[in-house]
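So you can see what is in the structure, the chains are spelled out below.
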Amino acid sequence: MPRTSTLLGLAIAGYLSLSSPALFAQTAPINQSPQAQLDGAGNAAKRDFNQFVQYQVQNHAGSAPQGFPLDVADVQDLKDARIAYGFPVYTIDPADLLTGRRELKAMARPTGIWRFVITLNDQPIGLATVEQVNGKWETVAYGATVMAKDLDAAMGAYANADRSNVRVLRIYQAQSDFLEVSSAQNGAARFAPLHSARQSLLLQRKGTGDGLLDASELLEPLRIAVKKNLESTR
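On a predicted model such as this, the values are computed, not experimentally measured, just so you know.

> Even after reading the chapter, I still don't get the overall build of the protein chain, so can you show me in this structure?
Within the protein chain, the secondary structure is distributed over 7 helices and 7 strands. The order of α-helices and β-strands along the protein chain, N terminus first, is α-α-β-α-α-β-β-β-α-β-β-β-α-α. In the protein chain, buried positions account for 44% of the 234 residues. Contacts spanning at least 24 positions in sequence make up 57% of the contacts within the protein chain whose residues lie at least 6 apart.

Structural data, given as C-alpha coordinates:
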(Lines give C-alpha, C1' and ligand atoms only; values in the text may rest on other atoms or scores of the structure.)
Protein backbone atom coordinates (compact mmCIF):
# COMPACT_ATOMS: atom_id res chain seq x y z
CA MET A 1 0.00 0.00 0.00
CA PRO A 2 1.48 3.40 -0.87
CA ARG A 3 2.66 5.60 1.96
CA THR A 4 0.14 8.24 0.88
CA SER A 5 -2.71 5.89 1.70
CA THR A 6 -1.89 6.30 5.38
CA LEU A 7 -1.95 10.09 5.33
CA LEU A 8 -5.67 10.40 6.01
CA GLY A 9 -5.23 8.50 9.26
CA LEU A 10 -2.13 10.50 10.10
CA ALA A 11 -4.06 13.69 9.55
CA ILE A 12 -6.37 13.01 12.43
CA ALA A 13 -3.88 11.35 14.78
CA GLY A 14 -1.17 13.88 14.06
CA TYR A 15 -3.32 16.90 14.74
CA LEU A 16 -4.64 15.49 17.99
CA SER A 17 -1.10 14.78 19.18
CA LEU A 18 -0.19 18.43 18.72
CA SER A 19 -2.84 19.33 21.27
CA SER A 20 -1.39 17.17 24.03
CA PRO A 21 0.14 19.25 26.86
CA ALA A 22 2.62 16.48 27.65
CA LEU A 23 4.21 16.50 24.20
CA PHE A 24 6.94 18.67 22.74
CA ALA A 25 7.98 20.14 26.08
CA GLN A 26 11.48 20.31 24.64
CA THR A 27 12.43 21.62 21.23
CA ALA A 28 13.74 19.19 18.65
CA PRO A 29 17.39 19.38 17.58
CA ILE A 30 17.84 21.50 14.47
CA ASN A 31 20.95 21.12 12.35
CA GLN A 32 19.95 23.24 9.36
CA SER A 33 19.78 26.94 8.63
CA PRO A 34 16.30 28.52 8.49
CA GLN A 35 16.48 28.72 4.69
CA ALA A 36 17.57 25.08 4.40
CA GLN A 37 14.70 24.09 6.68
CA LEU A 38 12.23 26.07 4.59
CA ASP A 39 13.52 24.52 1.38
CA GLY A 40 13.51 20.97 2.75
CA ALA A 41 10.18 21.22 4.55
CA GLY A 42 8.55 23.12 1.68
CA ASN A 43 9.63 20.59 -0.92
CA ALA A 44 8.35 17.75 1.28
CA ALA A 45 5.03 19.53 1.84
CA LYS A 46 4.46 19.97 -1.90
CA ARG A 47 5.63 16.45 -2.77
CA ASP A 48 3.51 14.76 -0.12
CA PHE A 49 0.47 16.91 -0.83
CA ASN A 50 0.60 16.04 -4.53
CA GLN A 51 0.67 12.36 -3.60
CA PHE A 52 -2.09 12.82 -1.04
CA VAL A 53 -4.31 14.57 -3.59
CA GLN A 54 -3.65 11.94 -6.23
CA TYR A 55 -4.56 9.14 -3.84
CA GLN A 56 -7.71 10.83 -2.51
CA VAL A 57 -8.99 11.82 -5.96
CA GLN A 58 -8.49 8.29 -7.25
CA ASN A 59 -10.16 6.64 -4.26
CA HIS A 60 -12.97 9.01 -3.33
CA ALA A 61 -15.67 10.42 -5.58
CA GLY A 62 -18.17 13.05 -4.59
CA SER A 63 -18.56 14.52 -1.11
CA ALA A 64 -15.64 14.41 1.30
CA PRO A 65 -16.00 11.53 3.79
CA GLN A 66 -16.84 12.27 7.42
CA GLY A 67 -13.75 13.33 9.33
CA PHE A 68 -11.86 14.42 6.23
CA PRO A 69 -9.03 16.66 7.47
CA LEU A 70 -9.34 19.44 4.90
CA ASP A 71 -12.28 21.79 4.41
CA VAL A 72 -13.52 20.73 0.98
CA ALA A 73 -17.07 19.89 -0.05
CA ASP A 74 -15.94 17.48 -2.76
CA VAL A 75 -12.70 15.50 -2.75
CA GLN A 76 -12.27 16.34 -6.40
CA ASP A 77 -11.82 19.99 -5.37
CA LEU A 78 -8.39 18.99 -4.07
CA LYS A 79 -7.15 19.07 -7.65
CA ASP A 80 -7.25 22.87 -7.43
CA ALA A 81 -5.76 23.12 -3.93
CA ARG A 82 -2.14 24.03 -3.28
CA ILE A 83 0.49 24.55 -0.61
CA ALA A 84 0.51 28.33 -0.12
CA TYR A 85 3.13 29.27 2.50
CA GLY A 86 4.84 27.79 5.51
CA PHE A 87 6.20 28.82 8.88
CA PRO A 88 8.25 27.27 11.68
CA VAL A 89 6.51 26.64 14.99
CA TYR A 90 8.09 28.12 18.10
CA THR A 91 7.46 27.20 21.71
CA ILE A 92 8.58 28.10 25.23
CA ASP A 93 9.93 25.66 27.79
CA PRO A 94 7.43 25.46 30.65
CA ALA A 95 10.18 26.03 33.24
CA ASP A 96 11.17 29.27 31.52
CA LEU A 97 7.55 30.36 31.34
CA LEU A 98 6.90 29.66 35.01
CA THR A 99 9.98 31.53 36.20
CA GLY A 100 9.43 34.32 33.67
CA ARG A 101 12.83 35.92 33.96
CA ARG A 102 12.84 37.09 30.33
CA GLU A 103 10.44 38.48 27.78
CA LEU A 104 8.25 35.95 25.97
CA LYS A 105 9.95 36.82 22.69
CA ALA A 106 13.37 35.98 24.12
CA MET A 107 12.17 32.68 25.61
CA ALA A 108 10.74 31.32 22.34
CA ARG A 109 12.67 28.53 20.64
CA PRO A 110 12.01 26.68 17.33
CA THR A 111 10.51 23.21 17.69
CA GLY A 112 11.83 21.91 14.36
CA ILE A 113 8.22 21.55 13.17
CA TRP A 114 6.94 23.45 10.13
CA ARG A 115 3.33 23.97 9.15
CA PHE A 116 2.04 24.95 5.72
CA VAL A 117 -1.23 26.63 4.87
CA ILE A 118 -3.19 24.77 2.19
CA THR A 119 -5.49 26.92 0.07
CA LEU A 120 -8.29 26.35 -2.43
CA ASN A 121 -9.13 29.36 -4.60
CA ASP A 122 -6.93 31.43 -2.28
CA GLN A 123 -8.96 30.39 0.79
CA PRO A 124 -7.33 28.34 3.58
CA ILE A 125 -8.70 24.81 3.94
CA GLY A 126 -6.22 23.32 6.41
CA LEU A 127 -2.61 22.88 7.45
CA ALA A 128 0.09 20.36 6.59
CA THR A 129 2.46 19.54 9.45
CA VAL A 130 5.99 18.68 8.37
CA GLU A 131 8.92 17.48 10.45
CA GLN A 132 12.08 15.46 10.11
CA VAL A 133 11.58 11.70 10.44
CA ASN A 134 14.82 9.73 10.50
CA GLY A 135 16.59 12.73 9.02
CA LYS A 136 14.12 13.26 6.16
CA TRP A 137 11.41 15.89 5.92
CA GLU A 138 7.96 14.31 5.80
CA THR A 139 4.35 15.43 6.16
CA VAL A 140 3.04 13.81 9.32
CA ALA A 141 -0.46 15.32 9.48
CA TYR A 142 -3.16 17.25 7.68
CA GLY A 143 -5.93 19.09 9.49
CA ALA A 144 -6.43 22.14 11.72
CA THR A 145 -8.91 23.83 9.40
CA VAL A 146 -10.07 26.26 12.10
CA MET A 147 -6.51 27.29 12.90
CA ALA A 148 -5.67 27.63 9.20
CA LYS A 149 -8.49 30.12 8.65
CA ASP A 150 -7.80 32.03 11.87
CA LEU A 151 -4.06 32.14 11.30
CA ASP A 152 -4.37 33.21 7.67
CA ALA A 153 -6.63 36.08 8.71
CA ALA A 154 -4.14 37.13 11.39
CA MET A 155 -1.29 36.94 8.89
CA GLY A 156 -3.25 39.17 6.55
CA ALA A 157 -3.84 41.69 9.33
CA TYR A 158 -0.38 41.83 10.89
CA ALA A 159 2.33 40.28 8.69
CA ASN A 160 4.55 42.25 6.35
CA ALA A 161 5.16 41.16 2.75
CA ASP A 162 7.65 38.39 3.58
CA ARG A 163 6.16 37.59 7.04
CA SER A 164 9.52 38.41 8.65
CA ASN A 165 7.84 40.32 11.48
CA VAL A 166 5.70 37.44 12.73
CA ARG A 167 6.20 34.05 14.36
CA VAL A 168 3.74 31.33 15.30
CA LEU A 169 4.11 30.42 18.94
CA ARG A 170 2.53 27.31 20.44
CA ILE A 171 2.53 26.75 24.19
CA TYR A 172 1.85 23.02 24.21
CA GLN A 173 1.26 22.74 27.93
CA ALA A 174 -1.39 25.47 27.69
CA GLN A 175 -2.85 24.14 24.41
CA SER A 176 -2.62 27.67 23.03
CA ASP A 177 -1.40 29.25 19.80
CA PHE A 178 -0.42 32.86 19.22
CA LEU A 179 0.83 35.00 16.39
CA GLU A 180 3.77 37.01 17.71
CA VAL A 181 4.02 40.37 15.94
CA SER A 182 7.25 42.40 16.18
CA SER A 183 7.13 46.17 15.86
CA ALA A 184 8.90 47.66 12.86
CA GLN A 185 9.95 50.58 15.05
CA ASN A 186 11.60 48.92 18.04
CA GLY A 187 11.21 45.15 17.59
CA ALA A 188 8.95 44.83 20.63
CA ALA A 189 6.59 41.87 20.43
CA ARG A 190 2.85 41.84 20.94
CA PHE A 191 0.51 38.92 20.42
CA ALA A 192 -2.66 37.93 18.62
CA PRO A 193 -4.31 35.00 20.45
CA LEU A 194 -5.49 32.41 17.94
CA HIS A 195 -8.56 30.22 18.30
CA SER A 196 -6.93 27.69 20.64
CA ALA A 197 -5.70 30.42 23.01
CA ARG A 198 -9.06 32.15 22.97
CA GLN A 199 -10.69 28.83 23.89
CA SER A 200 -8.13 27.52 26.40
CA LEU A 201 -7.24 30.78 28.13
CA LEU A 202 -10.49 32.66 27.49
CA LEU A 203 -8.49 35.41 25.85
CA GLN A 204 -9.85 37.87 23.35
CA ARG A 205 -8.12 40.34 21.09
CA LYS A 206 -8.47 43.93 22.20
CA GLY A 207 -11.50 45.71 20.85
CA THR A 208 -9.57 48.92 20.32
CA GLY A 209 -6.33 49.81 18.60
CA ASP A 210 -4.63 47.03 16.65
CA GLY A 211 -6.20 44.25 18.68
CA LEU A 212 -2.87 42.87 19.91
CA LEU A 213 -2.11 41.91 23.50
CA ASP A 214 1.02 42.75 25.46
CA ALA A 215 3.12 39.93 26.89
CA SER A 216 2.19 41.09 30.39
CA GLU A 217 -1.44 40.30 29.63
CA LEU A 218 -0.57 36.72 28.66
CA LEU A 219 1.87 35.66 31.35
CA GLU A 220 -0.51 35.00 34.21
CA PRO A 221 -3.14 33.05 32.21
CA LEU A 222 -0.35 31.04 30.57
CA ARG A 223 1.35 30.24 33.88
CA ILE A 224 -1.92 29.11 35.45
CA ALA A 225 -2.73 26.83 32.49
CA VAL A 226 0.79 25.41 32.24
CA LYS A 227 1.01 24.71 35.97
CA LYS A 228 -2.40 23.05 35.98
CA ASN A 229 -1.61 20.83 33.01
CA LEU A 230 1.82 19.86 34.30
CA GLU A 231 0.36 18.89 37.68
CA SER A 232 -2.31 16.78 35.97
CA THR A 233 0.34 14.68 34.20
CA ARG A 234 2.28 13.78 37.34
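Having seen it, we continue.
> I would appreciate a short explanation of the pattern of salt bridges in the present structure.
Opposite charge on two side chains makes pairing possible when the charged atoms of those side chains draw close. Applying the stated rule across the entire model yields 8 salt bridges. Where R167 meets E180, a salt bridge forms, and the shortest distance between an N and an O atom there is 2.8 Å. Of this pair, R167 sits in strand β5 (residues 166-171) while E180 sits in strand β6 (residues 176-182), and the two are 13 residues apart along the sequence. For E180, a relative accessible area of 2% translates into the label buried. Between D210 and R190 there is a salt bridge; the shortest N-O distance is 2.7 Å. Of this pair, D210 sits in the loop between α6 (195-200) and α7 (215-232) while R190 sits in strand β7 (residues 189-193), and the two are 20 residues apart along the sequence. Look at R190 and you get partly exposed, because its relative accessible area is 22%. A network of salt bridges, in which partner residues are shared, links R190, D210 and D214.

> So what exactly am I meant to see when it comes to the sheet that holds strand β1 (residues 81-91) here?
Paired through their backbone hydrogen bonds, the strands of a sheet run either parallel or antiparallel. Read across the sheet, 7 strands follow the order β4-β3-β2-β1-β5-β6-β7 without closing on themselves; strand pairing throughout is mixed. Strand pairing shows two members of the sheet lacking a second neighbour, β4 (136-143) and β7, which therefore form its edges. On average, adjacent strands in this sheet sit at an angle of 35° to one another, irrespective of strand direction. Across the face of the sheet, helix α2 (residues 34-59) comes into contact with β1, β2 (109-120), β3 (123-133) and β4 while running at roughly 55° to β4.

Procedures and definitions
- Residues numbered from 1 in each chain as written.
- Predicted model: local features only at pLDDT ≥ 70, side-chain atom pairs only at ≥ 80, totals over all residues.
- Heavy atoms only, no water.
- Helix = DSSP H or I, 4+ residues; strand = E, 2+ residues; numbered from the N terminus.
- Buried < 20%, exposed > 50% of the residue type's maximum accessible area, 1.4 Å probe, protein only.
- Contact = heavy atoms within 4.5 Å.
- Salt bridge = Lys/Arg side-chain N within 4 Å of Asp/Glu carboxyl O.
- Pairing = 2+ DSSP bridges.
- Axes fitted to C-alpha atoms, helices over the stretch in contact; angles between N-to-C directions.

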